[in-house]
Amino acid sequence: MASSQKAAAGVPDPDADKDKLEVSMTKLLERLDTASAYVDSVVDGKTPGDVEVGRQIANIVASVPGLEPEALDDMFSETMQDLLMVSYLSNITKTQLTIADKLNATLGV
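Residue positions are given per chain, counted from 1 along the sequence in the order it is written. Only residues with pLDDT of at least 70 are given local features in this predicted model, and only at 80 or more are side-chain atom pairs given and counted; all residues enter the totals for whole chains, interfaces and linings. To obtain the side-chain values, all non-hydrogen atoms of the structure were used and water was disregarded.

Draft legend 1. Structural context of the overall build of the protein. Only DSSP runs of H or I with at least four residues qualify as helices, and only runs of E with at least two residues qualify as strands; both kinds are numbered from the N terminus onward. Helix and strand counts for the protein come out as 4 helices and 0 strands. Tracing the protein from N to C terminus, the helices and strands come up as α-α-α-α. Among the 109 residues that make up the protein, the fraction classed as buried is 7%. As displayed, the protein has an accessible area near 9000 Å², and 61% of this comes from carbon and sulfur atoms. Throughout this description, buried means an accessible area under 20% of the type-specific maximum (1.4 Å probe, protein chains only), exposed means over 50%, and partly exposed covers the range between. Where accessible areas are quoted, they stem from the Shrake-Rupley method and a 1.4 Å probe; at the residue level, only the protein chains shown are allowed to cover.

Draft legend 2. Region of the structure containing the side chain of S41. Following the sequence through the fold, S41 ends up in helix α2 (residues 14–43). When checking whether two residues touch, look at their non-hydrogen atoms; a contact exists if any pair is within 4.5 Å. Those residues within four positions of S41 in sequence are excluded, and the remaining contacts are K46 and T47.

Draft legend 3. Quick look at helix α4 (residues 69–107). With 39 residues, α4 should cover 57 Å at 1.5 Å per step; its first-to-last C-alpha distance of 57 Å lies within 8% of that length. After α4 finishes, the residue G108 shows a positive phi value of roughly 70°. The length a helix should cover is 1.5 Å for every residue beyond the first.

As structure tokens, this is what we get:
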């Protein structure tokens, strides 16, 4: 089943979600690199510091939960497993309905 058909049928598409996550993480890493380069430049004295930008960076860093990488990996893995299970169960249900329809049509019910 194509991604657009899955989306129309309300079936989660793990590949599409994975692609979206990858794009999101790439953008996040680019932004972190930009912020890190700015901080390094200010610390090295190459760029004059901006108090407002410094506060915004501090607020952003403070808002990030202090999760251990292992805990984050576990949460991600559990979420992905849940998504795959829902997709699997949905496909089984569709298969069962198709078989029931064919049996009913064959038996004239």
